[in-house]
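# Inside the fold
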Amino acid sequence: PPNTVADIRKSFLDFFASKGHTIVPSSPLVPANDPTLMFTNSGMVQFKDVFLGTDKRPYVRAASVQACLRAGGKHNDLENVGYTARHHTFFEMLGNWSFGDYFKRESLKWAWELLTEVYRLPPDRLWATVYIDDDEAYDIWTKEIGLPPERVVRIGDNKGGKYQSDNFWMMADTGPCGPCSEIFYDHGPEVAGGPPGSPDADGDRYIEIWNNVFMQFDMQEDGSVRPLPAPCVDTGMGLERLAAILQGVHSNYEIDLFQRLIAAAARETGTDELDSPSLKVIADHIRACAFLVADGVIPSNEGRGYVQRRIIRRAIRHGYKLGRKTPFFHKLVPDLVALMGEAYPNLAANAARVMDVLKTEEERFYETLAHGMEILDHALADGQRELSGEVAFKLHDTYGFPLDLTQDVCRERGVSVDTAGFNAAMERQKNQARAAGKFKMDRVLDYTGAGNTFVGYDVLETQAKIV
Ligand code: ATP
Ligand code: MG
Ligand code: MG
Ligand code: MG
């Protein structure tokens, strides 16, 4: 069966082309004409209006390999990176779609055929979940495909609210949504974790690989659902997770592509701790940051640019932790381009600019990083369990440490951060600035990077508007 990332991409698209699907290129990480969505977080984003019935395509079946980013939006996996075997910020999603054409039966049967006949996954390692009342999907799995009922799990509203379920997919708080059926792979008893639906399902033994969403509804602001004009299918499978299985490894970070990025990160940071979670974080973040720049996002103090800045600074801080005291992150770009430039020509075409933008941001942050880390180390020297909001705010306001970066450091040391205190300090400063008749734009323009790094009061407000 296919094994490398490149072979997997191709075999996936070939399979769905043979089933009458039109192959569609990956769309940019910044969704076109969609101010409500921060980043493309799944393959269906470029088809959102097709599901809503306001856009028409010359085909009713499509397949793609989509570049996705799950950081700073509704689907945010930034905090998982370095902690689970299966989460990235940037990843590639293999997907196939039916726009009012086929529905549950074909979708599930083709998924099964691809996994067991093309990729030759052992059927007894596969599990499926369905939404609690989706008898149709349950019966297709058990009666038509022949998956034993013990390995087909019904999952209800397990996330505390109506339609708040692992098996009810929503792109955002509103828009196309519906029940789904997910396929899991059992990595075997040597990995910790329980089957889907069990209390320890969050482990890395049973890994979710493929989500088959049956789009039937358009979620309204008030939480009610309206039927979509025509039921559709939207599927997504994580390329890196599939590659891990096909390459016989238990973690996404052990696949060929990541091993090379990790080796490059070790080379540039000068570490020989090859198992360090920091190397995984850096390898993950270079993909996110390079693709963001290539797709037109530059680090800034609000919105998408601020998410970009936060990811870059986290990566730099991990390099610093490994002992690297000067800019290194941008030097990973050529390694990334060598690995992904062929599949993503836009990345290759923008490589020089990507390096430039990252380098500038790195140089800027290195001016305050060491001093900020000293303050943080000092504040934590007494072994307390919580960092004060005042210190977190000072780090943010003066040293350019986004709150989540400070939290990332604290989490490594088993310390929490007083976020209420942080918000209060932020609010106080804002009021003082207002009272002094200062406009926030003055402060933003005042950004010097040196000793006075201002990261924007209105960042949190801006983010609240975009999911
Ligand atoms: P998980 O429960 O593991 O966080 P998910 O349910 O959030 O995954 P979906 O929204 O269903 O994921 O996305 C479809 C598929 O995309 C998943 O089945 C998985 O294979 C892949 N995927 C999702 N999030 C990530 C990620 N952060 N990194 C890598 N692959 C991912
Ligand atoms: Mg998730
Ligand atoms: Mg899931
Ligand atoms: Mg899922």
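Since we're looking at a predicted model, the values are computed, not measured. (Residues numbered from 1 in each chain as written. Chains lettered and ligands numbered in written order. Predicted model: local features only at pLDDT ≥ 70, side-chain atom pairs only at ≥ 80, totals over all residues. Heavy atoms only, no water.)

## Some thoughts on the overall build of the protein
Stated formally: Working definition: helices are DSSP H or I runs of at least four residues, strands are E runs of at least two. Numbering for both runs from the N terminus. Based on C-alpha atoms, the radius of gyration is set beside the globule rule, defined as 2.2 Å times the residue count to the power 0.38. For the exposure calls, accessible area comes from a 1.4 Å probe over protein chains only, and a residue counts as buried if that area is under 20% of its type's maximum, exposed if over 50%, partly exposed in between. Any pair of residues with heavy atoms lying within 4.5 Å of one another is described as a contacting pair. Accessible surface is estimated by sampling points in the Shrake-Rupley manner with a 1.4 Å probe; for residues, cover comes only from the protein chains shown. Charge counting treats Lys and Arg as positive and Asp and Glu as negative, with His and both chain ends excluded. Charge positions come from single atoms, namely NZ of Lys, CZ of Arg, CG of Asp or CD of Glu.
Each helix and strand in the protein was counted, giving 16 helices and 11 strands. For the protein, the C-alpha radius of gyration of 23 Å lies close to 23 Å, the compact-globule estimate for 467 residues. The C-alpha extent of the protein, read off along each of the three principal axes, is 65 × 50 × 45 Å. Taking all 467 residues of the protein together, 58% fall into the buried category. A separation of at least 24 residues holds for 72% of the contacts in the protein among residues at least 6 apart in sequence. Carbon and sulfur atoms make up 50% of the accessible area of the protein, which amounts to about 19,000 Å² in all. Taken together, the 51 basic and 66 acidic charged side chains of the protein have centroids lying 2 Å from each other.

## Side note on the nonpolar core
Operational definition: Definition of nonpolar core: a set of buried residues of the types Ala, Val, Leu, Ile, Met, Phe, Trp, Tyr and Cys, connected through side-chain atoms within 4.5 Å.
Membership of the largest hydrophobic core comes to 118 residues, with the highest contact counts inside it found for L115, W141, I209, W210 and F329. Residue contacts for W141: discarding those within four places in its chain leaves L108, W112, A128, V130, G146, L147, V152, S181 and I183.

## Remarks on the site of ligand 1
Our working rule: When we say a residue is near a molecule or strand, we mean one of its heavy atoms is within 4 Å of it. Residues adjacent in sequence count toward polar contacts only when both atoms are side-chain atoms; beyond that, a polar contact is any pair of N or O atoms within 3.5 Å, and within protein one must be able to donate a hydrogen and the other to accept it. Gly is put with the polar residues, along with every residue not named as nonpolar or charged; the nonpolar set is Ala, Val, Leu, Ile, Met, Phe, Trp, Tyr, Cys and Pro, and the charged set is Asp, Glu, Lys and Arg.
Every one of the 16 residues lining ligand 1 counts as a neighbour, but D77, H87, H88, E208 and N211 are closest to it. R70 places a side-chain nitrogen or oxygen 3.0 Å from an oxygen atom of ligand 1. Take H87: an N or O atom from its side chain is 2.7 Å from an oxygen atom of ligand 1. Protein chains shield 89% of the accessible area of ligand 1, which is 590 Å² for the free molecule. Counting residues per element, the shell around ligand 1 draws most heavily on strand 8 (residues 206-219), which supplies 4 residues. Looking at the shell around ligand 1, its residues break down into 5 nonpolar, 5 polar and 6 charged.

## Re the confidence of the model for the protein
In low-pLDDT segments, the atomic positions of the prediction should not be examined closely. The test is simple: pLDDT measures how confident the predictor is about each residue, on a scale from 0 to 100.
Confidence along the protein averages 92 in pLDDT terms, with 93% of residues attaining 70 or more. Every residue in residues 441-467 scores below 50 in pLDDT, and together they form 68 contacts with partners more than four places removed in sequence or on other chains. For this predicted complex, the interface score ipTM comes out at 0.99, while the overall pTM is 0.92.

## Digging into the pairing of strand 4 (residues 126-131)
Note the cut-off: Being paired, for any two strands, means DSSP has found at least two bridges between them.
With 6 of 6 residues buried, strand 4 is to be regarded as a mostly interior element. Alternating positions in strand 4 separate into two faces, L126, A128 and V130 on one and W127, T129 and Y131 on the other, with burial throughout. Here 4 bridges tie strand 4 to strand 7 (residues 175-186), and the two strands are oriented antiparallel to one another. Pairing of L126 across the sheet is with Y185, part of strand 7. Pairing analysis gives 4 bridges linking strand 4 to strand 5 (residues 152-155), with the strands arranged parallel.

## As for the packing of aromatic side chains
In plain terms, the rule: Two rings from Phe, Tyr or Trp (for Trp, the six-membered ring) form a pair when their centres are within 6.5 Å of each other. A pair whose planes differ by under 30 degrees is stacked, one over 60 is edge-to-face, and the rest are tilted. The criterion is that NZ of a Lys, or CZ of an Arg, lies within 6 Å of the ring centre and within 35 degrees of the ring normal, and then a charge sits over that ring.
Within the structure shown, the criterion is met by 21 aromatic pairs. Put simply, the rings of F47, F51, Y59, W97 and F99 pair up and form one aromatic cluster. The cationic tip of K162 hangs over the ring face of Y163; the distance from NZ or CZ to the ring centre is 4.4 Å. Of note, K325 hangs over the ring of Y320, and the distance from its end group to the ring centre comes to 4.1 Å.

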